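Secondary and tertiary structure notes
Read off the chains here:
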Amino acid sequence: MMTMLTSTCPATGETVWSAPAATAADVTAAVARARAAFRDWRATALDDRIAVVRAYAGVLKQRSDDLARVIARETGKPLWESAQEVATMIGKVELSIAAQAERAGHRETPMPFGASILRHRPHGVMAVLGPYNFPGHLPNGHIVPALLAGNTIVFKPSELTPAVGAAMRDAWHAAGLPDDVLQVVQGGRDTGAALVDGRIDGLLFTGSAATGAHFRRRFAERPDVILALELGGNNPLVVWDGDVREATALVVQSAYVTTGQRCSCARRLILPAGTFGDAVADAVAALIPRLTIGRWDDAPAPYMGPLISDQAAAAARGQVDRLVALGGRTIVPLGTVAGQRPAFVTPALIDMTGLDAPDDEIFAPVLQVHRAASFDDAIALANATRFGLSAGLVTADDALWRHFLTEARAGIVNRNRPTTGAAGAQPFGGIGDSGNHRPSAFYAADYCAYPMASFEADGATGQWDALQPLLGEAEGLARP
Ligand SMILES: NC(=O)c1ccc[n+]([C@@H]2O[C@H](COP(=O)([O-])OP(=O)(O)OC[C@H]3O[C@@H](n4cnc5c(N)ncnc54)[C@H](O)[C@@H]3O)[C@@H](O)[C@H]2O)c1
Ligand SMILES: O=CCC[C@H](NC(=O)CCC(=O)O)C(=O)O
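Positions within a chain are numbered from 1, following the residues in the order the chain's sequence is written. The naming scheme follows written order: chains are lettered A onward, ligands numbered 1 onward. With pLDDT at 70 or above as the cut-off, local features in this predicted model cover only qualifying residues; side-chain atom pairs require 80 or more to be listed or tallied, and sums for whole chains, interfaces and linings still use all residues. To obtain the side-chain values, all non-hydrogen atoms of the structure were included, while hydrogens and water were left out.

1. Concerning the overall build of the protein chain
Strands here mean DSSP runs of E at least two residues long; helices mean DSSP runs of H or I at least four residues long; both are numbered from the N terminus. Looking only at helices and strands, the protein chain features 15 helices and 19 strands. For the protein chain, the spread of C-alpha atoms along the principal axes amounts to about 90 × 55 × 40 Å. Burial status across the protein chain gives 53% buried among its 480 residues. For the protein chain, contacts bridging at least 24 residues in sequence account for 72% of all contacts bridging at least 6. Computed by Shrake-Rupley with a 1.4 Å probe, the accessible areas treat only the displayed protein chains as cover when residues are assessed. Summed over its atoms, the accessible surface of the protein chain is roughly 21,000 Å², and 53% of this surface lies on carbon and sulfur atoms. Residues scored as positive are Lys and Arg, those scored as negative are Asp and Glu, and His as well as the terminal groups of each chain are ignored. Think of each charge as sitting on NZ of Lys, CZ of Arg, CG of Asp or CD of Glu. Side-chain charges in the protein chain split into 42 positive and 49 negative, and the spacing between the mean points of these groups amounts to 3 Å. The buried label applies to any residue whose accessible area, calculated with a 1.4 Å probe on protein chains only, is under 20% of its type's maximum; exposed applies above 50%, and partly exposed to all values in between. When checking whether two residues touch, look at their non-hydrogen atoms; a contact exists if any pair is within 4.5 Å.

Shown next as C-alpha cells:
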C-alpha cells in the first residue's frame, strides 16, 4: 500500500515536500543496488573518492543559499543558523579527509623480513538514519567519512525533513557520485525498520536514546554489523563563579540555542546556594524575554525559531507540567508566542532543587535549576544522570576545573564555554545512555572502516632455518 510522506514548515504550516514513502520492497531493492555498487566503489582509488567528495563540497557551496532555505523551511531554524549548518557541511569534507588519513590511513613499518603494514577496509553497505534537528550536518557527518572509506550508503532522512535529504542526494549526484553509491529512501519508522532489518553491514544512527536502545537490542545477535549510536543527553552546566553577565550569556547559548533542540544543550543548570547563584538565576530569567523568536526569514533575524512541530511543543509542555507536578518552581514558564503557531514556545526556567526530577532529555528550551551546597555536591548533581554527552563548568578557579575534569562523566567537558557548538576537529560522542563508545565527528573514520594488519615478505624469510635448533629427529620426517 502506498503511503504519502509530507513535511510541513513548523513556522507557517505550509507543505514543504510530499512524495510516496519507500515501501519495504523499495528499501530491499535499494540495499541490493548498494551492495552491487560496493565492489566498484571500494576499488576506486582513494584519490578518486576524495575528488568526488571535494566536488560535492563544491556543489554545496554553489547551492548553499538554496540548501539553507530548505533547512530553514523544514526545521523552522532562522536563516542565519541554517546557513551555518550548510557551512559546517562543507567544512566536514576537508576535516573528514584529514581524519581518515590520521585515523584510518595506510602505515608501513620496515621489518627485517619485509614490512608490517596497516590498512583499513570499508565495511560494505552502511545504513544512515538521520535526526531532524540538524537534518543536513549530522547525516553528512556519517556519510562523508563512510564514502571516503569506500562504503556505499542507503540514507533515510528524518520523516520531518525529507526535502533536506533529497537535496543532499541531488548534490552528491551532481558531484559525480554514481547513483547507487548513495541512495535516499524516504519514510518514517516503518521505512527505517525495513532498512535496519535489511542486508546491511553497518548502521550509523543519530537520534534519541530510546531509539538507540532499541537498536542495541535489535543488533545484539548481529555482531557483524557495525553500530554507531549518537544519542541525546541530560547535560549539566555548573556555573560556580565569575562574571554574572558573561555566565548568563553562556547559559543561554547552552540551553536555548536552536530552541533547545541540540543534543549538547544544557538541560540542568547547577548553581551554588547563595548570592552568586541567585544573581545568575535572576539574570537568566531577565534575559529570556529579550531573546527574539520568529520565523526563519523574519527581518531582523530572530535568535530562535519554533520547535520542529506543534506535537513537539505539546510534548515539551507535558514534560514541564510533570516537573511542576513534582514540586518544581516555575521561574519562567514555557510560554506561547502571540500570533504564531503552537510550535513556537518561549524558553522556560524551572527550579528543581532538592526534587527527584526524571532523568530524561527534554528536547526543547527548558532548563532546570539545581542549587548545590558545595562544589562536591555540584559534581554529584552533574553526574546524577544515566547519560553522559556534554557537561560544562564556569569558573575562574584552575583547581576547581582540574577537580571537575577528573570527576565529570561526559564525552564533551568544557570550561567557560557553552556546552553546545562542538568542533568537528574533535571526536563527538557520549558515554552512558548517550552512545555506544563510537564517537562521531573526527573519530567517525574509526567506525567507517576496519583495520587490517599484515606482515609481508617478498619470499622466504628463513623460517625453516630458525626452526632447526628446536626440531627432534622424527622418523619419516624428511628435510624438504
Ligand atoms: N549525539 C548526537 O550527535 C545527536 C545529534 C543530534 C540529535 N541527537 C538526538 O536526536 C534526538 C532528536 O532526533 P529525532 O527525534 O529525529 O530522533 P529519533 O530517534 O526519533 O529518530 C531518528 C531517526 O531514526 C528513525 N527511527 C526512529 N525510530 C525508529 C525505529 N524504531 N526503527 C527504525 N528507524 C527509526 C527516524 O525515522 C529518524 O530518521 C534527540 O534525542 C537528540 O538528542 C543526538
Ligand atoms: O544536536 C547535536 C549536535 C550538536 C552540535 N555538535 C556537533 O556539531 C558535533 C561536531 C560534528 O559533528 O562535526 C553542537 O555541539 O552544537
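Let's pick the thread back up.
2. Description of the domain arrangement of the protein chain
Domain boundaries shown here were taken from an automatic or database domain assignment. Looking at the protein chain, the domain boundaries give domain 1 (22–232 + 434–456) and domain 2 (236–422). Here the C-alpha centre of domain 2 lies 31 Å away from the C-alpha centre of domain 1. Roughly 1,700 Å² of surface becomes buried between domain 1 and domain 2 when both sides are summed, with 65% attributable to carbon and sulfur atoms. Definition used for salt bridges: Asp or Glu carboxyl oxygen within 4 Å of a side-chain nitrogen of Lys or Arg. On inspection of domain 1 and its partner domain 2, the count reaches 1 salt bridge. For the salt bridge of Glu81 with Arg262, the shortest nitrogen-to-oxygen distance reads 3.3 Å. Whenever a nitrogen or oxygen atom comes within 3.5 Å of another N or O atom, the pair is scored as a polar contact, on the condition that within protein one atom can donate a hydrogen and the other can accept it, and that pairs from neighbouring residues in sequence are kept only if both atoms are in side chains. Taken together, the links from domain 1 to domain 2 amount to 7 residue pairs in polar contact (both at pLDDT 80 or more). Elements supplying a minimum of two residues to the side of domain 1 that touches domain 2: α3 (64–75) and α4 (79–103). Nonpolar residues are Ala, Val, Leu, Ile, Met, Phe, Trp, Tyr, Cys and Pro. Charged residues are Asp, Glu, Lys and Arg, and all others, Gly as well, are polar. Split into classes, the residues belonging to the side of domain 1 that touches domain 2 amount to 9 nonpolar, 5 polar and 5 charged. Take the accessible area each of two parts loses on contact, using a 1.4 Å probe, and add the two losses: that sum is the buried area.

3. Things to note about the UniProt feature "domain: Aldehyde dehydrogenase" (unreviewed entry) in the protein chain
This chain's UniProt record puts "domain: Aldehyde dehydrogenase" (unreviewed entry) on residues 6–445. As annotated, residues 6–445 has a helix share of 41% and a strand share of 20%, and its two end C-alpha atoms lie 34 Å apart. UniProt positions are given in the numbering used here, feature names are shortened, and annotations may be inferred rather than shown by experiment.

4. With respect to a nonpolar patch on the surface
On the surface, Trp464, Leu467, Leu470 and Leu471 cluster together into a nonpolar patch covering about 380 Å² of accessible area. Assignment of secondary structure puts Leu471 in the segment after α15 (463–467). Without a salt bridge and with relative accessible area above 30%, a residue can belong to a patch; like charges are then joined within 9 Å and nonpolar side chains (Val, Leu, Ile, Met, Phe, Trp, Tyr) within 5 Å.

5. Quick word on the site of ligand 2
The immediate surroundings of ligand 2 are formed by 15 residues, with Lys92, His137, Arg262, Cys263 and Gly421 found nearest. In the environment of ligand 2, an oxygen atom lies 2.8 Å from a nitrogen or oxygen atom belonging to the backbone of Gly421. The backbone of Ala422 places a nitrogen or oxygen atom 3.0 Å from an oxygen atom of ligand 2. Protein contact buries 95% of the 420 Å² of open area that ligand 2 shows by itself. For the shell around ligand 2, the class distribution of residues is 7 nonpolar, 6 polar and 2 charged. Throughout, near means a residue has at least one heavy atom within 4 Å of the molecule or strand.

6. Let's talk about unusual backbone geometry
Here the residue pair Ala299 and Pro300 is connected by a cis peptide bond, since its omega of -5° sits within 30 degrees of zero. In this structure, Thr258 is a non-glycine residue whose phi angle is positive, near 55°. Take Thr258: it is sitting in the loop between α9 (244–255) and β11 (266–272). Residue classification places Thr258 among the buried residues on the basis of a relative accessible area of 4%. Non-glycine residue His437 carries a positive phi angle of around 60°.

7. Describing the sheet that holds strand β7 (residues 182–184)
An order of β7-β6-β5-β8-β9 is seen for the 5 strands of this open sheet, with the pairing classed as parallel. Two strands close off the open sheet at either side, each with one partner strand: β7 and β9 (226–230). Taking each pair of neighbouring strands and ignoring which way they run, the sheet shows an average axis angle of 15°. In this structure, strand β6 (residues 152–156) lies alongside β7, joined through 3 bridges in parallel fashion. Bridge pairing links Phe155 to Val184 in β7. What counts as an axis is a line fitted to C-alpha atoms, over the stretch in contact for a helix, and the angles between N-to-C directions run from 0 to 180 degrees. The sheet strands contacting helix α1 (residues 24–43) are β5 (125–129), β6 and β7, and the helix crosses β6 at an angle near 150°. The pairing criterion is simple: DSSP has to find at least two bridges between the two strands.

8. A word on the sheet that holds strand β14 (residues 366–372)
Across the sheet, 7 strands lie side by side as β12-β13-β14-β11-β10-β15-β16; this open sheet has mixed pairing. One side of each edge strand has no neighbouring strand; the edge strands of this open sheet are β12 (329–332) and β16 (412–415). Neighbour to neighbour, the strand axes of the sheet diverge by 25° on average, direction disregarded. Bridge count for strand β10 (residues 235–239) against strand β15 (residues 390–394) is 3 bridges, and the pairing is parallel. For Leu237, the partnering residue across the bridge sits in β15 and is Gly392. Here α9 sits on the sheet in contact with β10, β11, β14 and β15, set at roughly 175° to β10.

9. Regarding the nonpolar core
Ranked by size, the top nonpolar core spans 43 residues in total, and within it Tyr56, Ile143, Leu147, Ile153, Trp172 and Leu177 carry the most contacts. For Leu177, the contacting residues outside a window of four places in its chain are Trp41, Val52, Leu147, Trp172 and Leu182. Leu250, Phe276, Val284 and Ala285 belong to the second largest nonpolar core, which has 27 residues in total. The criterion is simple. A nonpolar core is a set of buried Ala, Val, Leu, Ile, Met, Phe, Trp, Tyr and Cys residues joined through side-chain atoms within 4.5 Å.

10. Quick word on the pairing of strand β2 (residues 15–20)
As defined by bridge partners, strand β1 (residues 4–8) adjoins β2 across 5 bridges and the pair is classed as antiparallel. Within β2, the position partnered with Met4 by the bridge is Pro20. In this structure, the hairpin formed by β1 and β2 is closed by a connection of 6 residues, where Gly13 is found at a positive phi of approximately 85°.

11. Observations regarding the side chain of His142
Turning to its location among the elements, His142 is positioned in helix α5 (residues 137–149). Of the polar contacts made by the side chain of His142, one reaches the side chain of Tyr447; its length is 2.7 Å. Setting aside residues up to four positions removed in sequence, His142 forms contacts with Val128, Leu204, Phe205, Thr206, Glu230, Ser440, Tyr447 and Cys448.

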